[in-house]
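Chains, contacts and geometry: an overview
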Amino acid sequence: MLERNRILVIGAGGQLGRELCRTLAAVFGEDAVVASDIREEVRTHFSYCHFEPLNIFAPDRMDRIIQGHNITQIYHLAAILSADGEVDPHATWQVNLDGLLLVLETARRMKIEKLFWPSSIAVFGGNTEKKGTRQHTVIQPNTVYGIAKSAGELWCRYYHKKYGLDVRSLRYPGLIGHRSLPGGGTTDYAVDIFHHAVQGRPYTCYLERDMRLPMMYMPDAVKAALDLMREPEEKIKVRTGYNIQGMSFTPLEVYESILRFYPKFKVRFRPDFRQKIAENWPRKVDDSLARNDWGWNPKYDLDFMTEDILNHLEKGPLSKIII
Ligand code: NAD
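Residues numbered from 1 in each chain as written. Predicted model: local features only at pLDDT ≥ 70, side-chain atom pairs only at ≥ 80, totals over all residues. Heavy atoms only, no water.

A complete count under the given rule lists zero disulfides for this structure. Take Cys156: it sits in no disulfide, and the sulfur closest to it among the cysteines is that of Cys21, at 19 Å. Classification of Cys156 as buried rests on a relative accessible area of 0%. (Disulfide = S-S within 2.5 Å. Buried < 20%, exposed > 50% of the residue type's maximum accessible area, 1.4 Å probe, protein only.)

Its location among the elements puts His76 in strand β4 (residues 73-76). In this structure, His76 is in contact with Ile10, Ile56, Gly99, Leu100, Val103, Leu115, Phe116, Trp117 and Pro118, ignoring residues within four places of it in sequence. (Helix = DSSP H or I, 4+ residues; strand = E, 2+ residues; numbered from the N terminus. Contact = heavy atoms within 4.5 Å.)

Let us now look at the environment of Pro173. With respect to the element layout, Pro173 can be found in the loop between β9 (170-172) and β10 (174-176). Given a relative accessible area of 6%, Pro173 falls into the buried group. C-alpha of Pro173 to C-alpha of Lys284: the two residues are 111 residues apart in sequence and 9.2 Å apart in space. With residues near it in sequence (within four places) discarded, Pro173 still touches Ile121, Pro214, Met215, Met216 and Ile244.

Turning to the packing of aromatic side chains, a few remarks are in order. Counted by the stated rule, this structure contains 14 aromatic pairs. Each ring, one from Phe46 and one from Tyr48, has its centre 6.4 Å from the other, and the planes form 50 degrees; the classification is tilted. The exposure classification of Phe46 matches that of Tyr48, with both residues buried. For the ring pair Phe46 and Phe51, a centre distance of 5.8 Å and an interplane angle of 15 degrees mean the geometry is stacked. Pairwise contacts between aromatic rings join Trp155, Tyr158, Tyr159 and Tyr163 into one cluster. When the ring centre of Tyr163 is taken as reference, the NZ or CZ atom of Arg108 above it lies at 4.9 Å. Cation over ring: Arg274 sits above Tyr206, and NZ or CZ is 3.6 Å from the ring centre. (Phe/Tyr/Trp six-rings, centres within 6.5 Å; stacked < 30°, edge-to-face > 60°. Lys NZ or Arg CZ within 6 Å of the ring centre and 35° of its normal.)

So, on to the sheet that holds strand β13 (residues 242-243). Across the sheet, which stays open at both edges, the three strands sit in the order β6-β9-β13 with parallel pairing between neighbours. Both outer strands of the open sheet, β6 (119-120) and β13, are each paired with one neighbouring strand and no more. Examined bridge by bridge, β6 and β9 share two bridges and lie parallel to one another. Of the residues in β9, the one forming a bridge with Ser120 is Tyr172. (Pairing = 2+ DSSP bridges.)

Everything listed here is a matter of geometry and, on its own, says nothing about what the molecule does.
And the structure:
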């Protein structure tokens, strides 16, 4: 049954947004979804729903889109990711934190019913426990991306407390999808490696072979956002960002999982600056609050995900799915 929600997705042209919009359209109806992005050229991915070019730093235009489409919910995904974020820390802060503040303020003014904004495991830092990282623990991020996410979480909680804005957030681990190439994060290897395997090209991994990190397959990441957004307001007890765990694996383990299907595939390991970023992140997070408060329950493990990604990639050449 279609619901009355009308949903604006900001930064929809990225890895998460492309898959999220498809699911939102399936659940709420194609007419209910308005994809938007600063990059006009990603419009071609949204022929099934509405598309509006939008830079978050144009709040007047954001107001017009919200009014024009009678928007009731926003998913704000626009960001510069962790590895790219280190190139120009001030620009990253501007997009990731100042951009969030503009969206929060717009949502408050325009009386948006619900706002989703993803946080990240990058809020944790070198002093945080690495195994079973708790919801409430030491938050001392090492990257500007992580600093902006941790400050952003506090701003979300502030807007909820002060203005009653129903803003909800998840601390995503590394996200792995097959519909697009990733956008400059520290866990991108876990997407790139599959594309290389299918194309018959060797892969050079920029993390150490035993660098275990929490990861999540995109269908689970999308499901988590929708499950969280569906819950009645009173069930949402954490107004910073919920820890959620999908699977945890090392580059060697994902390589071994791919070898089951591509036994001749070759990977070598040449760690770069991203290894240092990864070392400060958890190996596995404790997501018991998400499980208890709103029933979080992921579906995919490493081998199930590997098979699914390879199946999809074998059906369509990379050049056709990426802009
Ligand atoms: P992505 O880089 O693939 O996509 C981000 C999108 O935002 C791009 O399409 C970009 O064009 C758009 N954008 C950038 N600046 C903009 C602006 N000023 N106005 C409008 N749009 C703008 O990122 P993603 O992987 O899809 O991540 C989406 C969200 O999820 C981000 O908030 C990210 O921090 C969070 N997250 C991602 C991961 C991951 O592994 N990908 C992990 C944890 C959290």
